[in-house]
Amino acid sequence: MADAPPTPAAPSADALAGLSPAYFGMVMATGIVSIAAQLLGHVALSRVLFALNLVAYAVLCTLNALRALRHRQRFVGDLVDHLRGPGFFTSVAATSILGSQFLLLGENTFAAAALWSLAVVLWITLTYTIFTGLTIKEHKPPLDKGINGAWLLAVVATQSIAALSALLAGRLGQPIRLELNFLALSMWLWGGMLYIWMMSLIFYRYTFFTLEPGDLSPPYWINMGAMAISTLSGSLLILNAPDAPFLLSLLPFLKGFTVFYWATGTWWIPMLFVLGVWRHVYRRFPLRYDPLYWGAVFPL
């Protein structure tokens, strides 16, 4: 008797196995639009997006936990994959931004502090797991196949912790206020250094290797987004300077580098639009949904 053909995997199982590590970009994008709506006076819209973000965050945490349990090999493989690995940093930024929502929309310091703690743990775990894995793996892709804008999610994650630390410092008393401001400053500086390292490689890849429309993937918007959140973090440190002597002594430096970040991020905006027109209009590359497109909403 002939063997029965293998039962195909259910579509839901395939979807879970292939879940993008960068899907937390949806929480990042929803959270930042919610905060912007609050600042512009659209309170009802801000609250609706906040509630939606809580659901999205819970669902994505559940799906990622299930993926780690049921598809461990794929999950671990993604952690040390040059293109997919950096996507995990969206979980850090999403956690920090959700904490900022609790603080700015709900004045809930406890929830914000809890999410800040989780974001710090995630940042430490992912930073040293991903970059150690990428460093020691035996088979590595060439530069033009192994790097894109998604690498800058490591910068975004770092700066998101700087921003939430600065926001918490403005609402908590001494002595924790000083420590939080120092952590925010340290993360802000490290994020800037990391951007310089990574952007040098990305810019080199763009200008000295052939760039096909398919190579210009959605994460290229993070080129600008990493500078946008760096500018935000710098502005929060400037606001906190009167409460921290070491920030006050660095105030000219903080202002100068914040403008530097802002100018760099602003330079990218027309460049990204031009490249988008080249990709989709001139080269007629099809526009399809990709979870990485949430990385375009966040910086805008």
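It should be emphasised that the depicted structure is a prediction, and the values quoted were computed from it without experimental measurement. (Residues numbered from 1 in each chain as written. Predicted model: local features only at pLDDT ≥ 70, side-chain atom pairs only at ≥ 80, totals over all residues. Heavy atoms only, no water.)

Chemist: Explanation requested: unusual backbone geometry in the structure shown.
Modeler: Outside of glycine, negative phi angles account for most residues, and trans bonds account for most peptide bonds. The linkage connecting Gln-174 with the following residue, Pro-175, adopts the cis geometry, with an omega of 5°. Here Pro-175 shows up in the loop between helix H8 (153–169) and helix H9 (176–208). In this structure, Glu-107 takes a positive phi of about 50° despite not being glycine. Mapped onto the secondary structure, Glu-107 falls in the loop between helix H5 (89–106) and helix H6 (109–136). The phi torsion at Arg-284 lies on the positive side, around 55°, for a residue other than glycine. Inspection of the secondary structure puts Arg-284 in the loop between helix H12 (251–282) and helix H13 (294–297). (Helix = DSSP H or I, 4+ residues; strand = E, 2+ residues; numbered from the N terminus.)

Chemist: Looking at this model, I keep getting lost on the packing of aromatic side chains. Mind explaining?
Modeler: What describes a pair of aromatic rings is the distance from one ring centre to the other and the angle between the planes of the rings. A full pass over the atoms with the stated rule returns 19 aromatic pairs. What links up through ring pairs into an aromatic cluster is the set Trp-188, Phe-253, Phe-257, Phe-260 and Tyr-261. (Phe/Tyr/Trp six-rings, centres within 6.5 Å; stacked < 30°, edge-to-face > 60°.)

Chemist: Honestly, helix H2 (residues 25–39) in this entry has me stumped. Any pointers?
Modeler: Each turn of an α-helix holds 3.6 residues, which means side chains three or four residues apart point in the same direction. The end-to-end C-alpha separation of H2 is 21 Å, in line with the 21 Å expected for 15 residues at 1.5 Å each. For H2, the set of buried residues is Gly-25, Val-27, Met-28, Ala-29, Thr-30, Gly-31, Ser-34, Ile-35 and Ala-37. Looking at the packing, one finds that the buried side of H2 touches helix H3 (43–70), H5, H8 and H13. Looking at the residues trailing H2, positive phi occurs at Gly-41, about 90°. (Expected span 1.5 Å × (residues − 1). Buried < 20%, exposed > 50% of the residue type's maximum accessible area, 1.4 Å probe, protein only. Contact = heavy atoms within 4.5 Å.)

Chemist: Whenever I open this one, the nonpolar core confuses me. Can you help?
Modeler: If you look at soluble globular proteins, the nonpolar side chains tend to sit buried side by side. Judged by nonpolar contacts, the single largest core of 78 residues is most densely connected at Leu-152, Val-156 and Tyr-195. With 13 residues, the top contributor of residues to this core is H8. With residues near it in sequence (within four places) discarded, Leu-152 still touches Tyr-195, Met-198, Met-199, Ile-202, Ile-222, Asn-223 and Ala-226. (Core = buried A, V, L, I, M, F, W, Y, C linked by side-chain atoms within 4.5 Å.)

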